[in-house]
Amino acid sequence: MRTGSRVLLVLLALLLPVWGSVAAAHNGDLTVRPTCKPGFSEEDYTALVSQNIMEGQKLLKVKFNNCAGNKGVRYETNSLDFKVRADGTMYAAHQVQMPLKQRILMVTAWDPQTLGRWDVIVRLLVAEKSQHSGHKPKGRKTVPGEPAQQQSDTLLPWRQHQSSNGLRRQKRDWVIPPINVPENSRGPFPQQLVRIRSDKDKEIHIRYSITGVGADQPPMEVFSIDPVSGRMYVTRPMDREERASYHLRAHAVDMNGNKVENPIDLYIYVIDMNDNRPEFINQVYNGSVDEGSKPGTYVMTVTANDADDSTTANGMVRYRIVTQTPQSPSQNMFTINSETGDIVTVAAGLDREKVQQYIVIVQATDMEGNLNYGLSNTATAIITVTDVNDNPPEFTTSTYSGEVPENRVEVVVANLTVMDRDQPHSPNWNAIYRIISGDPSGHFTIRTDPVTNEGMVTVVKAVDYEMNRAFMLTVMVSNQAPLASGIQMSFQSTAGVTISVTDVNEAPYFPTNHKLIRLEEGVPTGTVLTTFSAVDPDRFMQQAVRYSKLSDPANWLNINATNGQITTAAVLDRESDYIKNNVYEATFLAADNGIPPASGTGTLQIYLIDINDNAPELLPKEAQICEKPNLNVINITAADADIDPNVGPFVFELPSVPSAVRKNWTITRLNGDYAQLSLRITYLEAGVYDVPIIVTDSGNPPLYNTSIIKVKVCPCDENGDCTTIGAVAAAGLGTGAIIAILICIIILLTMVLLFVVWMKRREKERHTKQLLIDPEDDVRDNILKYDEEGGGEEDQDYDLSQLQQPETMDHVLNKTPGVRRVDERPIGAEPQYPIRPVIPHPGDIGDFINEGLRAADNDPTAPPYDSLLVFDYEGSGSTAGSVSSLNSSSSGDQDYDYLNDWGPRFKKLADMYGGGEED
């Protein structure tokens, strides 16, 4: 065993199939020269650089052959940070700060003679730590200036070096360059990527493993490693758009699982291939541009995205217009910015009236628009040419005509038609009409029909045939939107309209309406008030006008039918209910004899001037006062139906007759409208007094009225209010009268109470009435009461023999024909019962009948007709036999003791017949 552990790790990046083909070419027969094909020596170049690159620092050298000596070949890059000299040396144009992992560039070789262009990818990998001087990263093309070196199959990243004096140097890990794996590889799989080996495998058995995403983490088993040989494989095709890189860790352990080497990081980058077409965000784009737009006017922007790497040509999309439909007025009306996708106009002549819409097919191609190598996709751009007001409206004819009857409004006289080639129902098409002359009074207006755009000449102010028989209008039409710049109005935008007015029979009218006159009320009947005449506006028609009343609420006026003279038919009274604010209104009708007749109304207002024709009335009509003076007074005033100056101030005074008025009462004046009535004497007996008072107004001449006020004089309490007894006494009733009234009230209440008690008792008797004979004392328990019908005064005298069994039917059969009583025994042959030898005494039956008669007389519910009470009749020949067989018999052969067993209903019979001997 060595005292020190020296570690070797060898990393081998296997060549891709393309690289293999290149290697095969190198290993082939050198004497056979294939046909020269222009292009780069490698499909891509890789260089390991530091994170900070100084200005002018050389990075690598690319080799290109155009099969013509490379004369005039120029190189370009897609980055401003790096440039390529004519010999293919790539250097930094200025100081560059590299990203953490890598940067991918595109180098283009351009042959000016053949105008050919060739592209190659350059990957700059950032080294995390400084590498050992004896190691060079593996790549397609080495960095210029490094010595050529034999590439071995393995690389030892773990290595220990020993100094010349035999001392062991400290181990330092190498940074492994990323492993590049192209996407969409066709295999075969598993495909070897790298082999990891430790120099300790000569001493012990080592097992290798990898961990990380793609190995033991999802997605699982994308990469695998042979635990014995250390060869790492990719197991399936890679997809950069699914995952662009993987970070794995390689482990080396012994057979016991003990760590032999420190884990190393492996970075695997998926190399992008152009396997995705550009995809437009929308398949159809809609844009618009105004007609007449200048070249360079922006229209719209189309956008396509490519899932490939946007830092490479695979994801660099360029746009172009494929077709334009229609190709009018030019086949190239639009152009597109190849990088941004902005579509702009490139030619003039857009006219919506000729072409309203363009359909443009836009193509997006990756590989910077290279149609030979790039993938393409298309979308549709629909460009609508929007309307501008570049066509003024024009009348279809220069003159129009119409006719309108006089005194008609909101009538369409004429329709004005226009033509406008702009977009219908837009502000550029909607017409606005104006009357510029011929209608100084504003009789007409022109309204626009929103559907047809026609102008409707409409009468808004009535025209008069007697004033204007025709109108000559000049009208102009324009649009809601102003005309576009540089567009002038057409001379056809004005036209003339001739309107004729036709005469119609117009109604007479009152020149002064409402007419107001003033006069005093009370003018006598037949007084001429005024002449209320109407005027017929039809000056060219000889017509007569007649007048009549239309409304005269009080029927106070008359009007002359021919000349309209107003006279009074009754006395006008200002105080009437028909007067409102001193004004009386009447309406009159004036009608002509035209065809058809026409009529008009006029209102006459009569303002009535007040005269003093109403005497004042005293208020209030009733009042009360204490029987002792100086406790309270009565405030009095007056009401007058007249108005000022025929009303107050009023004069209140007591009449001299009768003398008792001035002796007992006095009036004190408060102001022109109010006075106070009070007692003059120290005491006045309680009662009601009629006090006459003379009230005089201030009219000219003055009117007076003697009014009676009823004053109730009553005893008062200390507050000056009438007591209850005093109020009654003041009503004019003495003490005796009050006592008599109270006694009458008590007697009335007593009578009502007795009547209620009697009614309750009758109700109780009616509900609790039982059989006339107490069941305990009645031995005829087999007699049932079915109904009570009749009973009255005419049936008081009856023959009890009718209740016995008749011995003969002669008196019945000999009865005169007529209406038979319903309670009589039926007449006719009936089965006869055996006649008893002994007829029972009718005494018990008589008592029973008397009791029933008495009950019927006292029963308020008895029938209103008089008849015997009918209990029941069940016919003759009953098989039950007669109950008369239960009479007392002197024979003792019958045993009635069994009646005791029949229950309480037969108890009496058992006592009567069963125990007769003991009694």
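Within each chain, residues carry numbers counting from 1 in the order of the written sequence. In view of the model being predicted, local features appear only for residues whose pLDDT reaches at least 70, and side-chain atom pairs are presented and counted only at 80 or more, with totals across whole chains, interfaces and linings using the full set of residues. Neither water nor hydrogens contribute to the side-chain values; these are computed over all heavy atoms in the structure.

1. Examining the overall build of the protein chain
Turning to step 1, where the next piece is worked out: Only DSSP runs of H or I with at least four residues qualify as helices, and only runs of E with at least two residues qualify as strands; both kinds are numbered from the N terminus onward. When its secondary structure is counted, the protein chain shows seven helices and 51 strands.
Turning to step 2, where the next piece is worked out: Here, two residues are considered to be in contact whenever any of their heavy atoms come within 4.5 Å of each other. Restricting to contacts in the protein chain with at least 6 residues of sequence separation, those with at least 24 account for 67%.
Turning to step 3, where the next piece is worked out: When the accessible surface of the protein chain is split by element, carbon and sulfur atoms take 52% of a total near 54200 Å². Throughout, the Shrake-Rupley method with a 1.4 Å probe supplies accessible areas, and for residues the shown protein chains are the sole cover considered.

2. Description of a positive patch on the surface
Turning to step 1, where the next piece is worked out: The grouping of Lys-58, Lys-61, Lys-63 and Arg-85 at the surface amounts to a positive patch.
Turning to step 2, where the next piece is worked out: Any residue under 20% of the maximum accessible area for its type is buried, any over 50% is exposed, and the rest in between are partly exposed; the area is computed with a 1.4 Å probe on protein chains only. For Arg-85, a relative accessible area of 35% corresponds to the partly exposed category. Distance thresholds for patches are 9 Å for like charges and 5 Å for nonpolar side chains (Val, Leu, Ile, Met, Phe, Trp, Tyr), applied to residues having over 30% relative accessible area and no salt bridge. A side-chain nitrogen of Lys or Arg and a carboxyl oxygen of Asp or Glu constitute a salt bridge if their distance falls within 4 Å. When charges are counted, neither His nor the chain ends are considered; positive counts come from Lys and Arg and negative counts from Asp and Glu. In plain terms, the charge of a residue is placed at NZ if it is Lys, CZ if Arg, CG if Asp and CD if Glu.

3. Looking at the state of the cysteines
Turning to step 1, where the next piece is worked out: Two cysteine sulfurs form a disulfide in these notes if their separation is within 2.5 Å. For the structure on display, the rule yields two disulfides.
Turning to step 2, where the next piece is worked out: Between the sulfur of Cys-36 and that of Cys-67 lies a disulfide, 1.6 Å long from S to S. Its S-S torsion of approximately -90 degrees makes the covalent link between Cys-36 and Cys-67 left-handed. With Cys-36 in the loop between helix H1 (17-27) and strand S1 (39-40) and Cys-67 in the loop between strand S5 (64-65) and strand S6 (74-77), this pair connects stretches of sequence that are 31 residues apart.
Turning to step 3, where the next piece is worked out: Relative accessible area serves as the criterion here: at 35%, Cys-67 is assigned to the partly exposed category.

4. A few points about the pairing of strand S25 (residues 342-345)
Each regular strand displays side chains that alternate between the two surfaces of the sheet.
Turning to step 1, where the next piece is worked out: Side chains Ile-343 and Thr-345 of S25 all project onto a buried face; the interleaved residues Asp-342 and Val-344 project onto a face where none is buried.
Turning to step 2, where the next piece is worked out: Note: strand S24 (residues 334-336) against S25, three bridges, orientation antiparallel. Among the inter-strand pairings, Ile-336 is bridged to a residue of S25, identified as Ile-343.
Turning to step 3, where the next piece is worked out: Note on pairing: DSSP must find at least two bridges between two strands before they are called paired. Between the end of S24 and the start of S25, which pair antiparallel, lie five residues, with Gly-341 showing a positive phi angle near 80 degrees.

5. Here's the deal with the sheet that holds strand S36 (residues 494-502)
Turning to step 1, where the next piece is worked out: Pairing in this open sheet of four strands is mixed, and the strands run S29-S36-S35-S32 from one edge to the other. Two strands bound the open sheet, and with one partner strand each, they are strand S29 (399-405) and strand S32 (431-437). For this sheet the average axis-to-axis angle between neighbouring strands, irrespective of direction, equals 30 degrees.
Turning to step 2, where the next piece is worked out: Sheet analysis places S29 next to S36, joined by seven bridges and oriented parallel. By the bridge assignment for S36, Pro-405 is matched with Thr-502. Inter-axis angles, ranging from 0 to 180 degrees, are taken between N-to-C directions of lines fitted to C-alpha atoms, where helices are fitted over the stretch in contact.

6. Remarks on the nonpolar core
Turning to step 1, where the next piece is worked out: In this structure, Ile-210, Phe-223, Met-232, Met-238, Leu-248, Leu-266 and Ile-268 are the most contacted members of the largest nonpolar core, which totals 26 residues.
Turning to step 2, where the next piece is worked out: Secondary-structure elements contributing two or more residues to this core are strand S12 (179-182), strand S13 (191-195), strand S14 (206-212), strand S15 (223-225), strand S16 (231-234), strand S17 (245-254) and strand S18 (259-271).
Turning to step 3, where the next piece is worked out: No other element matches S18, which puts five residues into this core. Residues enter a nonpolar core if they are buried and are Ala, Val, Leu, Ile, Met, Phe, Trp, Tyr or Cys, with the set joined through side-chain atoms within 4.5 Å.

7. Some details on the packing of aromatic side chains
Turning to step 1, where the next piece is worked out: The criterion for an aromatic pair is that two Phe, Tyr or Trp rings (for Trp, the six-membered ring) have centres within 6.5 Å, with stacked assigned to planes under 30 degrees apart, edge-to-face to planes over 60 apart and tilted to the rest. What the rule picks out here adds up to 16 aromatic pairs.
Turning to step 2, where the next piece is worked out: With 6.4 Å between their ring centres and 90 degrees between their planes, Phe-64 and Tyr-75 make a pair best called edge-to-face. Of this pair, Phe-64 sits in strand S5 while Tyr-75 sits in strand S6, and the two are eleven residues apart along the sequence.
Turning to step 3, where the next piece is worked out: Assessed through its relative accessible area of 6%, Phe-64 is described here as buried.
Turning to step 4, where the next piece is worked out: Taking the relative accessible area as the measure of exposure, Tyr-75 reaches 13% and is therefore buried.
Turning to step 5, where the next piece is worked out: Plain terms: the ring middles of Phe-280 and Tyr-319 are 6.3 Å apart, the flat faces sit at 50 degrees to each other, and that makes the pair tilted. Of this pair, Phe-280 sits in strand S19 (residues 279-280) while Tyr-319 sits in strand S23 (residues 318-325); the two residues are 39 residues apart in sequence, bridging distant segments of the chain.

8. With respect to the pairing of strand S34 (residues 455-459)
Turning to step 1, where the next piece is worked out: Judged by how many residues are buried, S34 sits mostly within the fold: four of five residues are covered.
Turning to step 2, where the next piece is worked out: As judged from the four bridges shared by strand S30 (residues 412-416) and S34, these two strands associate in the antiparallel manner. Bridge pairing in S34 places Ala-414 opposite Val-457.
Turning to step 3, where the next piece is worked out: Direction of pairing for strand S33 (residues 444-448) relative to S34: antiparallel, over a ladder of five bridges. Residue pairing across strands places Ile-446 opposite Val-457, the latter belonging to S34.
Turning to step 4, where the next piece is worked out: Linking two consecutive strands that pair antiparallel, namely S33 and S34, is a turn of six residues; a positive phi of about 70 degrees is found at Asn-453 within it.

9. Points about the side chain of Thr-108
Turning to step 1, where the next piece is worked out: As for its placement among the helices and strands, Thr-108 is situated in strand S10 (residues 102-111).
Turning to step 2, where the next piece is worked out: Residue Thr-108 is classed as buried on the basis of its relative accessible area of 8%.
Turning to step 3, where the next piece is worked out: In protein, a polar contact means a hydrogen-donor-capable atom and an acceptor-capable atom, both N or O and within 3.5 Å, with residues adjacent in sequence counting only if both atoms are side-chain atoms; elsewhere, any N or O pair within 3.5 Å suffices. Within the structure, Thr-108 has its side chain in polar contact with the side chain of Asp-119 (distance 2.7 Å).
Turning to step 4, where the next piece is worked out: Setting aside its immediate chain neighbours within four residues, Thr-108 contacts Arg-74, Tyr-75, Glu-76, Arg-117, Trp-118 and Asp-119.

10. Let's talk about unusual backbone geometry
Turning to step 1, where the next piece is worked out: Residue Pro-188 is reached from Gly-187 by a cis peptide bond, and omega for that bond is 5 degrees.
Turning to step 2, where the next piece is worked out: Relative to the elements of secondary structure, Pro-188 occurs in the loop between S12 and S13.
Turning to step 3, where the next piece is worked out: With an omega of 0 degrees, the peptide bond between Leu-619 and Pro-620 qualifies as cis.
Turning to step 4, where the next piece is worked out: With respect to the element layout, Pro-620 can be found in the loop between strand S44 (617-619) and strand S45 (622-626).
Turning to step 5, where the next piece is worked out: We note that Asn-70 has phi near 60 degrees; this positive angle belongs to a residue other than glycine.

11. A closer look at the pattern of salt bridges
Turning to step 1, where the next piece is worked out: Using the criterion set out here, one finds 18 salt bridges in the structure.
Turning to step 2, where the next piece is worked out: For Arg-854, the salt bridge identified is with Glu-851, shortest N-O distance 2.3 Å. With Arg-854 and Glu-851 both in helix H6 (residues 843-858), this residue pair falls three residues apart, about one helical turn.
Turning to step 3, where the next piece is worked out: Here Glu-851 falls in the partly exposed class, since its relative accessible area comes to 29%.
Turning to step 4, where the next piece is worked out: Several salt bridges converge on common partners, so that one network encompasses Arg-240, Glu-241 and Asp-272.

12. Points about the confidence of the model for the protein chain
Turning to step 1, where the next piece is worked out: Note: pLDDT gives the predictor's confidence per residue, expressed from 0 to 100. For the protein chain, mean pLDDT is 79; residues scoring 70 or higher make up 77% of the total.
Turning to step 2, where the next piece is worked out: Low pLDDT (under 50) marks residues 1-33, which in the prediction has 71 contacts with non-local residues, meaning those over four places away or in another chain.

13. Some points on a nonpolar patch on the surface
Turning to step 1, where the next piece is worked out: On the surface, Leu-748, Val-752, Phe-755, Val-756, Trp-758 and Met-759 cluster together to form a nonpolar patch covering roughly 580 Å² of accessible area.
Turning to step 2, where the next piece is worked out: Its relative accessible area of 44% is what places Trp-758 among the partly exposed residues.

14. A few points about the environment of Arg-236
Turning to step 1, where the next piece is worked out: Examined against the element boundaries, Arg-236 turns out to sit in the loop between S16 and S17.
Turning to step 2, where the next piece is worked out: You can call Arg-236 partly exposed: its relative accessible area is 36%.
Turning to step 3, where the next piece is worked out: Separated by 50 residues in sequence, Arg-236 and Arg-186 place their C-alpha atoms 8.6 Å apart.
Turning to step 4, where the next piece is worked out: Not counting chain neighbours up to four residues away, the residues in contact with Arg-236 comprise Phe-189, Pro-219, Met-220 and Val-222.

15. A look at the sheet that holds strand S39 (residues 545-551)
Turning to step 1, where the next piece is worked out: In spatial order, the strands read S37-S43-S42-S39; together these four strands make up an open sheet with mixed pairing. Strands with a single pairing partner mark the edges of an open sheet, and in this sheet they are strand S37 (515-520) and S39. Looking at each pair of strands side by side, their axes are set apart by 30 degrees on average, direction ignored.
Turning to step 2, where the next piece is worked out: Relative to strand S42 (residues 583-592), S39 is paired through six bridges, and the arrangement is antiparallel. Its bridge partner lying in S42, Lys-549 is registered against Phe-588.

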